[in-house]
Amino acid sequence: RPEGVGQARVVKARDPPHNVAKHTLEVDIPTLLYGIVMDAWVNNQPDGYLLKYGPADLAGNPKVQDAYASVIGGDGGTATAKGTFSSAVKEARTTGNLAAERIVQFCEDLWADALTRMQDVYWQWINLPAPKLHGKHQPTFATLWAAGRVCEHA
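Here's what I pulled together on the structure shown here. None of these values were measured; they are calculated from a predicted model.

Thresholds, definitions, all that
Residues numbered from 1 in each chain as written. Predicted model: local features only at pLDDT ≥ 70, side-chain atom pairs only at ≥ 80, totals over all residues. Heavy atoms only, no water. Patch = residues over 30% accessible without salt bridge, like charges linked within 9 Å, V, L, I, M, F, W, Y side chains within 5 Å. Areas by Shrake-Rupley, 256 points an atom, 1.4 Å probe, with all protein chains shown as cover. Salt bridge = Lys/Arg side-chain N within 4 Å of Asp/Glu carboxyl O. Helix = DSSP H or I, 4+ residues; strand = E, 2+ residues; numbered from the N terminus. Buried < 20%, exposed > 50% of the residue type's maximum accessible area, 1.4 Å probe, protein only. Axes fitted to C-alpha atoms, helices over the stretch in contact; angles between N-to-C directions. Parallel < 35°, antiparallel > 145°, perpendicular 65-115°, else oblique. Left-handed = near helix turned anticlockwise from the far one by under 90°. Contact = heavy atoms within 4.5 Å. Nonpolar A, V, L, I, M, F, W, Y, C, P; charged D, E, K, R; others polar. Polar contact = N/O pair within 3.5 Å; in protein donor to acceptor, adjacent residues only side chain to side chain. Expected span 1.5 Å × (residues − 1).

1. Considering a nonpolar patch on the surface
Residues Val42, Phe85 and Val89 make up a contiguous nonpolar surface patch of roughly 200 Å² in combined accessible area. Structurally, valine 89 is set in helix H3 (residues 84-95). Assessed through its relative accessible area of 33%, valine 89 is described here as partly exposed.

Okay, structure coming up:
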């Protein structure tokens, strides 16, 4: 592993936000959600998240290694993303275009993938463990936001 991998120092090109709540709700969360949806469009496999790791990071766990092997395919070489967007890009590159009826189906598939992913994220966020603070379980901000209870909690 190269020196320094796993450690990072991020220097923002902007000043800290003056209104952290507004910045979180209007910039950070929409950006996070867009990335979550894009992830589904690019590689919509149950174990697709494993592609974000190097093989050395997954060594020592046979179950994880088997899942990784199924994601990258039988050739053991480079992984091919298997999401709706990735498939359409591959088709367009191979054939030179997407037929009109294929574009309609493509858009419907993107919406279906996005909604399925958002349902999954919603379920995960409303079921996050509530950490204890001063002896009382406190819901996380993600749980409050996903459940629409931020204002009630404030």
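Back to the text.
2. What about the packing of helix H1 (residues 20-42) against helix H4 (residues 100-126)?
Following both chains from N to C, one finds H1 and H4 inclined at 125°, their axes separated by 9 Å at the closest point. For the element pair H1 / H4, the angle class is oblique. Relative to H4, H1 is oriented so that their crossing is right-handed. For the pair H1 and H4, contact is made by Leu32, Leu33, Ile36, Val37, Asp39, Ala40 and Trp41 and by Leu110, Asp113, Ala114, Arg117, Met118, Val121 and Trp125, respectively.

3. Regarding the environment of cysteine 107
Note on placement: cysteine 107 falls in helix H4. When the C-alpha atoms of cysteine 107 and phenylalanine 85 are compared, they prove to be 9.4 Å apart, with 22 residues separating the residues in sequence.

4. Comments concerning the packing of H3 against H4
Axis separation between H3 and H4 bottoms out at 9 Å; the angle between their running directions is 160°. When the axis of H3 is compared with that of H4, the two are roughly antiparallel. Viewed along their axes, H3 and H4 form a crossing whose handedness is left-handed. Residue-level inspection shows Thr84, Phe85, Ala88 and Glu91 of H3 in contact with H4, the latter providing Arg102, Phe106, Asp109, Leu110 and Asp113. Here the residues of the contact of H3 with H4 sort into 4 nonpolar, 1 polar and 4 charged.

5. Points about the side chain of threonine 143
Following the sequence through the fold, threonine 143 ends up in helix H5 (residues 141-146). A polar side-chain atom of threonine 143 sits 2.7 Å from the main-chain carbonyl oxygen of tryptophan 125. Threonine 143 has contacts with Trp125, Ile126, Leu128 and Arg149, leaving out every residue within four places of it along the chain.

6. Quick look at the environment of alanine 147
Here alanine 147 shows up in the loop between H5 and helix H6 (150-153). The partly exposed category is assigned to alanine 147, whose relative accessible area is 31%. On a C-alpha basis, the gap between alanine 147 and tryptophan 125 in space is 8.3 Å, while along the polypeptide they are 22 residues apart.

7. As for unusual backbone geometry
The backbone of histidine 134 shows a phi angle near 55°, a positive value even though the residue is not glycine. Mapping histidine 134 onto the fold places it in the loop between strand S1 (132-133) and strand S2 (136-137).

8. Concerning H1
Over its 23 residues, H1 runs 31 Å from end to end, which matches the ideal 33 Å to within 8%, given 1.5 Å per residue. Every buried residue belonging to H1 is among His23, Ile29, Leu33, Ile36, Val37, Ala40 and Trp41, and all of these are buried. Where H1 is buried, its residues meet H3, H4 and H5. For H1, the N-terminal cap is asparagine 19; the gap from its side-chain oxygen to the backbone nitrogen of alanine 21 is 3.3 Å.

Any functional reading would require information beyond the geometric quantities listed.
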